[in-house]
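One-letter residues, chain by chain:
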Amino acid sequence: MPRFYVTTPIFYLNGKPHIGHAYAVTVADVLARWHRLKGDDTFFLTGTDEHGEKVAKKAQENGLSPQEHVDQLSESFRKAWKKLNISNNDFIRTTELRHEKAVRHFVKLMHDNGDIYEGVYEGWYCTPDETFIPESQLIDGKCPECGREVKKLKEETYYFRLSRYQDRLLEYYSENPDFILPRKRTLEIVNRVKEGLKDLSMTRPSVKWGIPFTFNEKHTVYVWVDALINYLSALGWPDSEPKYWPADIHIVGKDIMWFHAVIWPAMLMSAGFKPPKSVLVTGHYIVEGRKMSKSLGNVTDPLELVDKYSVDALRYFLMREMPLGDDGDFSEQLLKARNNNELASDLGNLVYRVLTMTEKSGGKLEGRPELEKSLELKTFQEEMDRYDTYKALETVWRFIKASNKYINDTKPWELEGEALSNALYNSVEACRVISILISPFMPETAEKISKQLGIPLGRLEDCRFSKIGYLPKKGSPLFIRVD
RNA sequence: AGCGAGGUAGGGUAGACUGGAGUGCCCGCCGGGCUCAUAACCCGGAGAUCGGUGGUUCAAAUCCACCUCUCGCUACCA
C-alpha cells in the first residue's frame with residue numbers, strides 16, 4: 001500500500017489561530033483526505049511549536065508560567081482544528097517528552113557526524129526584548145519591534161556546519177526538481193544557496209525556555225532546530241523506526257521556506273536521514289488588501305466565519321480563492337459570493353432540484369450513463385496528485401455545471417416513463433460522484449449528500465456511473481445563501 | 001543594492017516552457033430561454049492596442065533586449 005505523509009508547520013504559540021494557520025492546515029487536510037480516499041496509508045501531522053524566548057515573554061505578560069501558557073494556547077489550536085474538521089492523525093507539541101527525547105538524540109547524531117562545534121555568535125541584540133535581530137531587519141539601526149537601541153553582543157554558541165552541505169543541497173535540488181513547489185520558487189533558494197551558506201548558531205545560552213543542549217546543559221537548542229525535528233519525533237522516533245519517513249510533503253508558508261528547504265534537509269543529511277520529498281510553499285492570505293496584523297485590527301478569526309457560514313464554506317473558500325503558492329485576498333465579501341454562487345447555487349441547488357424531481361417521480365432510476373462523458377476523472381486525479389487542488393476544484397465544478405446543463409437540456413419535468421427514468425438516473429448518479437470528488441474538500445457536505453442519497457460515502461473507485469441500488473430522499477438544502 | 005516572481009476586458013485568473021486568428025474560466029454588467037429548483041438553472045451579448053519600446057519571425061500575449069510599475073526574499077524573532 002502506498003504511504004503518504006503530510007505535515008503542516010507547527011504553529012508558534014504567540015497568538016491564537018488565525019486565517020493563515022487555518023489555510024495551511026486545510027491544505028494539508030485536503031491532501032490527507034485525498035490520499036485516504038485513494039486508499040493510501042496516510043499520516044497527517046500538525047501541532048504547536050512551544051519553546052523560545054517569545055513564548056516565555058508572552059506567558060509572563062499574561063501572568064502565567066510558560067507551561068501554563070502553552071497548555072492553554074495549544075488547546076485553542078486543537079479545538080479550532082476540530083471545528084474545522086481537520087483529520088490529523090497526531091498533534092505534536094514540542095514540550096512533550098517524546099519530542100525532547102527525539103531532539104536530544106537527533107542533536108547527538110549531528111554531533112557524532114562532526115557537524116557541531118563551539119564558537120561565538122556576534123549580533124545585534126535588543127536588551128528589552130531579549131533577542132538578537134538580523135542586521136537586515138534593523139530599522140535605522142534600531143529594534144524593529146520596539147524601536148529602541150540595539151547593541152552588539154557576543155555570546156557563546158554551538159554551530160551546525162551548514163556550510164558543509166552546500167554542494168549536497170544543490171545536488172539534491174537539481175536531482176529533485178519537484179522538491180520545492182511550486183517550481184518557480186526553486187530558483188530563489190538555489191541562487192541563495194549558491195551565494196554561500198554560513199554555519200548556523202544552533203544553541204542559546206541565554207534562553208531558558210527550551211530543550212537543553214545535550215553537550216552543554218547550560219545552553220538550550222535554538223527553537224528552529226528544535227521545531228523542525230517534530231516531523232520525526234511524531235513518528236515515534238527514536239524509539240521506533242519512523243515508518244512514514246521521508247515525508248511526502250511539508251506544507252509551509254513562504255516566510256519559512258528557507259528553514260524547510262535548506263536548513264532542515266541539511267540537518268537530516270547530517271543525522272543520516274533522507275530529506276523530505278517535497279516542500280509545498282503556500283502564499284499568504286492578505287485581508288482586504290492589507291497584511292493581517294494586530295495593529296490594523298484585521299486579524300480574522302476563522303471560527304467566527306465557521307459559525308456564520310459553515311465549515312465547508314470556509315474550507316471551500318480557502319482552497320478555491322487562491323491558487324497554491326500565490327497570495328490571496330481574504331474578505332468576507334468574497335467568501336459570501338462563493339458561498340452563494342458556487343456552493344448554494346451551483347452545487348446545493350443541483351442536488352436539491354435533482355432530489356425533488358426524483359421524489360416527485362417516485363418511479364424507477366434506470367438508464368444509460370450519458371452524463372458520465374462530462375466527468376474528467378483522470379484530469380481530476382492528476383491535478384490532485386500534483387497538489388494542484390485549485391485546478392482540481394475547477395474540474396469538479398465543470399462537471400457540476402455540465403450536470404445542471406444536462407437537466408436543462410433533457411427537461412425531466414416534461415418527461416415520463418423510460419425517458420424520465422433515464423434523465424433522473426444520470427442526474428442522481430452525477431450527484432453521487434460529486435459527493436465523492438468533493439469529499440477531501442468538504443467532508444461534511446459529502447456526507448450530507450450521501451445521506452440524502454441513502455448510501456454510505458463512496459471511495460474513489462466508485463466514481464463511475466453504475467446501477468442504482470439506493471433510494472434517495474430529499475433533505476434540506478446543503479448551503480444557505482447569506483445576505 | 002542583490003536575487004526572485006509578476007503586470008491579459010470593470011475586478012480576478014488560465015494560456016507563455018513546446019510561437020500560429022485574443023482562445024478560455026469565475027465574478028460583475030446587458031438581453032433572452034426555462035419553470036424541476038435555494039430570485040436558483042440554461043443560452044446569447046457587450047467589454048482587452050495581452051505594462052511600454054525595439055528586435056527575431058511568414059507569424060509574438062508567448063522568444064530576445066531595454067525600459068517601467070507592483071510584490072516577495074536577503075538566513076539565526078518565529
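Sequence order as written defines the numbering, with residues in each chain counted from 1. Labels are handed out in written order, letters beginning with A for the chains and numbers beginning with 1 for the ligands. Residues qualify for local features only when their pLDDT is at least 70, as the model is predicted, and side-chain atom pairs are given and counted only at 80 or more; totals for whole chains, interfaces and linings, by contrast, use all residues. Side-chain numbers here rest on the full set of heavy atoms in the structure, without hydrogens or water.

Brief notes about helix 6 (residues 186-194)
Of the positions making up helix 6, those classed as buried are Thr-186, Ile-189, Val-190 and Val-193. Buried residues along helix 6 cover an arc of 100° about the axis, so they all sit on one side. Residues of helix 6 that are buried in the fold lie against helix 5 (166-175), strand 8 (180-181) and helix 9 (257-271). For every residue, the accessible area obtained with a 1.4 Å probe (protein chains only) is divided by the maximum for its type, and the residue is called buried under 20%, exposed over 50%, and partly exposed between those limits. Numbering goes from the N terminus for both helices and strands, where a helix is a DSSP run of H or I of at least four residues and a strand is a run of E of at least two. The arc in question is formed by the directions pointing from the helix axis toward the C-beta atoms. We call two residues contacting when some pair of their heavy atoms lies within 4.5 Å.

Quick word on the protein's contact with RNA strand B
Around RNA strand B, 49 residues are found, and the nearest of them are Phe-132, Pro-134, Ser-136, Arg-204 and Val-223. Take the atoms of RNA strand B that sit within 4 Å of the protein: sugar and phosphate atoms are 70% of them. Within the backbone of Ser-201, one N or O atom sits 3.0 Å away from a base oxygen of RNA strand B. Every element with two or more residues in the surface near RNA strand B is listed here: strand 6 (131-133), helix 6, strand 9 (200-201), helix 7 (223-228), helix 12 (332-361) and helix 14 (389-410). Element by element, the count of residues in the surface near RNA strand B is highest for helix 12, at 12 residues. Each residue gets one of three labels, nonpolar for Ala, Val, Leu, Ile, Met, Phe, Trp, Tyr, Cys and Pro, charged for Asp, Glu, Lys and Arg, and polar for the others, Gly among them. Along the lines of polarity and charge, the residues of the surface near RNA strand B split into 19 nonpolar, 13 polar and 17 charged. Residues are labelled near a given molecule or strand when at least one of their non-hydrogen atoms is within 4 Å of it. Polar contacts here mean pairs of N or O atoms no more than 3.5 Å apart (in protein, one a potential hydrogen donor and the other a potential acceptor; neighbouring residues in sequence count only if both atoms are side-chain atoms).

Digging into the pattern of salt bridges
By definition here, a salt bridge exists when the distance from a side-chain nitrogen of Lys or Arg to a carboxyl oxygen of Asp or Glu is within 4 Å. In total, this model carries 26 salt bridges according to the counting rule given. Arg-3 is paired through a salt bridge with Asp-41; the nearest N and O atoms lie 3.8 Å apart. Linking Arg-3 in strand 1 (residues 3-7) with Asp-41 in strand 3 (residues 41-49), this pair joins segments that are 38 residues apart in sequence. Exposure remark for Arg-3: the relative accessible area of 44% places this residue in the partly exposed category. When the shortest N-O distance is used, the salt bridge between Arg-78 and Glu-75 registers 3.9 Å. Taken together, the positions of Arg-78 and Glu-75, both in helix 3 (residues 66-83) and 3 residues apart, correspond to about one turn of that helix.

With respect to the nonpolar core
For our purposes a nonpolar core is just a set of buried Ala, Val, Leu, Ile, Met, Phe, Trp, Tyr and Cys residues, chained together by side-chain atoms within 4.5 Å. Counting 92 residues, the largest nonpolar core has Trp-81, Leu-347, Trp-397, Ile-438 and Met-442 as the members making the most contacts within it. Not counting chain neighbours up to four residues away, the residues in contact with Met-442 comprise Asp-312, Tyr-316, Leu-343, Leu-347, Trp-397 and Phe-479. By size, the runner-up hydrophobic cluster in this structure holds 60 residues, among which are Tyr-173, Phe-213, Tyr-244 and Val-252.

Treat this as a map of the structure, not an account of what it does.
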